[in-house]
Amino acid sequence: MKLNPRQQQAVTYISGPLLVLAGAGSGKTRVITEKIAHLIRRCDYKPKDIAAVTFTNKAAREMKERIHQTLGRPACRGLRVSTFHTLGLDIIRREIATLGMKPGFSLFDDQDSLALLKALTDDEMDVDKAWLKMAVSKISNWKNDMLSADQVLRTATGDDQIFAEVYEQYQRHLRAYNALDFDDLILLPTLLLRDNTKVRERWQKRIRYLLVDEYQDTNTSQYQLVKLLVGERARFTVVGDDDQSIYSWRGAQPKNLALLKEDFPQLEVIKLEQNYRSMERILKCANILIDNNPHLFVKRLFSDLGYGDPLRVMFGRNEENEAERVVAEIVRERFLKRTRYGDYAILYRGNHQARVFEKALMNNRIPYKMTGGQSFFARAEIKDIMAYLRLLVNPDDDNAFLRIINLPRRGIGPHNLERIGDLANQQQVSLFAACQIQGLNTLLSPQAYHSVHSFVELIQRTARKAAEPGVQSVGAIRDLIQFIQYEEWLFETSPSPAAAEMRMKNVNELYRWVSDMLSDEDDATHDEALSLEQAVNKLMLRDMLSRQEEEDDGDQVQLMTLHASKGLEFPYVFMVGMEEGLLPHQSSIDENNIEEERRLAYVGITRAQQRLTFTLARERRQYGETMRPEPSRFLAELPQDDVQWEDKQPKITHEEKQQRTADNIAALRNRLRSKD
DNA sequence: GCGATGCCGATTTTT
DNA sequence: TCGGCATCGC
C-alpha cells in the first residue's frame, strides 16, 4: 500500500525539526519505519547515524522487526532502535569513566529502591508503607524533573524537607552500592551531556538523526536528553498525539509538545488525520468527545471504512450481571458473525475491575488473556536467580545479597545476618565485603561462618568464570544453579511437584535467555554478544517480558486496562464500567483532572475497528457499600444520534422478533453446512 | 514449613 | 467488604 500524501511528506521532510501529530490508527509506526528506510536509502545516512527511541521494549522490538522487513537485516546493522532507558544505559556504559562510576553497576528496580529506603529510615523514624511509597514517587518525580537532592533541600518546605533529606541519603547509598535506579538511566546521561561539551559533541556526532515515538509521553529529563542529543542541527522527527497523553501521573509532560515549538521555532508540523482502523461513526464519536478538551493543535480523524453500527450502551443490574452480559454478548456475536475470541477486547479503568469478568469468562469456558497481571520478573524463582546474577556482576549489591544469602538454606539466620550487617555498617562497606573481613569468624558461630565463607567462595569463583567470554560464562551460570541445588529447593518449597516443575521451567527459560545473550549467535534479539553485566542490566530492564507474552497469543478474549490498550486495536471492543467515579475516576474528579480521563476514554474508543459497546452497572459494591452510580459524563458527551442506549431502545415488535429468530436459524444452518 | 489470624488498601505502571 | 499479605504460632 502506498503512503498517503501527508505520510509521504512526513517521511521525506528531513531538513529540519519535525513534529508529526499522528492521530490514533493513522499509521505512525509505518511513517517512522519508512522514514528510517528513506534516510538510509536516499539521504546518505548510515544505519549507525540513526537512533529511534520508544518507551517500551515491546514497541522497540516491533519497530526493529518492521524495519528489518523493509530494509533487510544486513542493511540495518548499527541502527539504534531502543527505549529511552536502554539508550541511557548505553550512554552510561560508554561514558562510565567520565561519570566516575565503577564498571559492574547494578540496576535497582522499584522494589530495590523501596527496600533501600526502608533500610534508611528504619532506625531513624517510624514510617509506614504508604510513606515509603510516597517517598519513592517523590524522589522519582524529582529526578524526572532534573532536581538534585541539594536543589530540593534548599527549596523544600514542610513534609518535603524530610523527603528531601531521605532523597539525599538515598542517592549517597546508591553511589555506595555502585547502583542506579531507572530514573538515573535518563537523568545521568542528560546531566552529563548538559555539563560536558566534549561528551555532548561526541554523541551529537554519533546520532545524526533522532526519531522519537509517543513523544507526548516524555518527561522533563527525557525531553532535555532529546534536546541535548539533537543540538543545534536539530535533525529529528518526533511523533506524538496530545489526545493520547495518559501518563501525566508518572511524570509525562504533554506540554513538551508546546515547548518544542518554542525551543525550535523552525519546527515543521504535519498532521496525520486519516485513520485506517475504525469505522467512521466510531471516529465521529471520538472526535466529538475529545473536542471537549482544549487543544494546542486541532485534529480531526476520518476514515473511508464506512459509517458502521451505532455505539451501544448496555446496563447490568450489578457488576456481576454486567460481566455476564458482556460475556453472553461475546458468545452470541461470535456465533452469529463467526468471529474469533481474539477479536474481542474488554477494556476497563482499573485492574480490580477485571476479576468479575475473569469469573464470567471462566464460568463459560471462554479462553481469555489478561494483560498486566503478575509479570514473569515478579515471580519468586526469577527474582532469586536474578539476585544471584546481580551479585555476580556487582558484589556490593546488598539487596541481591540479602535475598539469596540464605536461599537455599545455608543456616545463616537473622541473628548472624544482623552481625554481618553491624560489621558492614561499622566499616562502611557492603555486606558481601563485610563477609570477607578478618575477624568475622569471632562474631559468628562456626557453622554460620563456614557457610558464609563457602558462599563468598562460590560467588567469587563463579564471577571469575563468568567473566570469561562465551561458553565459559554460560557454563558458569549453569554450574551455579546446579551447585546450589536450586531445583531441589523448588521441589522442597513448592506446594506441588507440578508447581515446582513450572517454576523450574521459568528458571530454564531465564537461563536460556542469558545464554543467548552471552553467546554471539546472530538472532533477532541482538547484534552482538553481551557481557554478563550487560545481559543482567538488560534483563533488569525487562527486555524479554513482552516476548514471552507474545508466545501464547492464541484465540483468546483480551482483558486489559485502558492504559495498557494504547497502541492496540480490536474488531469488537467493550468499554466496561462507564460510570462516574470509575471513568472518570473519583480521584481525578476530586483533583479536577477530567481532561486526562477524557483522553483515556478517547484512547479506549479509538481502539475499536468495527463495533464499540459501553457497559455499566446500575448497582455496584464498593468498599462494602452498595452504590448506585451515575452513567459516565463521557457517554453524555457523545453524539446521541450515534449511540443506542439499551434502556431507551424502542420495544421490538413481534415481526422483528420473528425475523431475528429466523436470522439466527439461518446463520446456524449456514454454519453447520460449511462445517461438513 | 504450613495454616490461622490480623491488618491494610482499594488508579493508571514502564523502565 | 473483600482479598492479598505478612506475621505468628505450632
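Now for a quick tour of the structure. (Residues numbered from 1 in each chain as written. Chains lettered and ligands numbered in written order. Predicted model: local features only at pLDDT ≥ 70, side-chain atom pairs only at ≥ 80, totals over all residues. Heavy atoms only, no water.)

With respect to the protein's contact with DNA strand B
1) Next: Inspection of the region around DNA strand B gives 19 residues, with N57, H85, R349, N351 and R409 positioned closest.
2) Next: The protein-proximal atoms of DNA strand B, defined as those within 4 Å of the protein, are 50% sugar or phosphate.
3) Next: One of the side-chain N or O atoms of R349 is found 2.3 Å from a base oxygen in DNA strand B.
4) Next: R409 places a side-chain nitrogen or oxygen 2.5 Å from a phosphate oxygen of DNA strand B.
5) Next: For the surface near DNA strand B, a count of residues per class yields five nonpolar, 10 polar and four charged. (Near = heavy atom within 4 Å. Polar contact = N/O pair within 3.5 Å; in protein donor to acceptor, adjacent residues only side chain to side chain. Nonpolar A, V, L, I, M, F, W, Y, C, P; charged D, E, K, R; others polar.)

What about the protein's contact with DNA strand C?
1) Next: Around DNA strand C, the surrounding shell consists of R355, Y623 and G624.
2) Next: Within 4 Å of the protein, atoms of DNA strand C come from sugar and phosphate in 67% of cases.

Considerations on the sheet that holds strand 17 (residues 643-645)
1) Next: Pairing is parallel across the open sheet formed by seven strands, whose spatial order is 11-12-10-13-14-9-17. Strands with a single pairing partner mark the edges of an open sheet, and in this sheet they are strand 11 (368-370) and strand 17. Each neighbouring strand pair of the sheet contributes to a mean axis angle of 20°, computed without reference to strand direction.
2) Next: Pairing between strand 9 (residues 311-316) and strand 17: three bridges, direction parallel. (Pairing = 2+ DSSP bridges. Helix = DSSP H or I, 4+ residues; strand = E, 2+ residues; numbered from the N terminus. Axes fitted to C-alpha atoms, helices over the stretch in contact; angles between N-to-C directions.)

Focus: unusual backbone geometry
Glycine aside, negative phi is the norm for most residues, and most peptide bonds take the trans geometry.
1) Next: Note that the residue after L583, namely P584, is joined by a cis bond; omega there is 0°.
2) Next: Looking at the secondary structure, you find P584 in the loop between strand 13 (570-575) and helix 28 (586-590).
3) Next: If you check the backbone angles, E214 has positive phi at about 50° while not being a glycine.
4) Next: Structurally, E214 is set in the loop between strand 6 (209-212) and helix 11 (220-230).
5) Next: For E214, a relative accessible area of 17% puts it in the buried group. (Buried < 20%, exposed > 50% of the residue type's maximum accessible area, 1.4 Å probe, protein only.)

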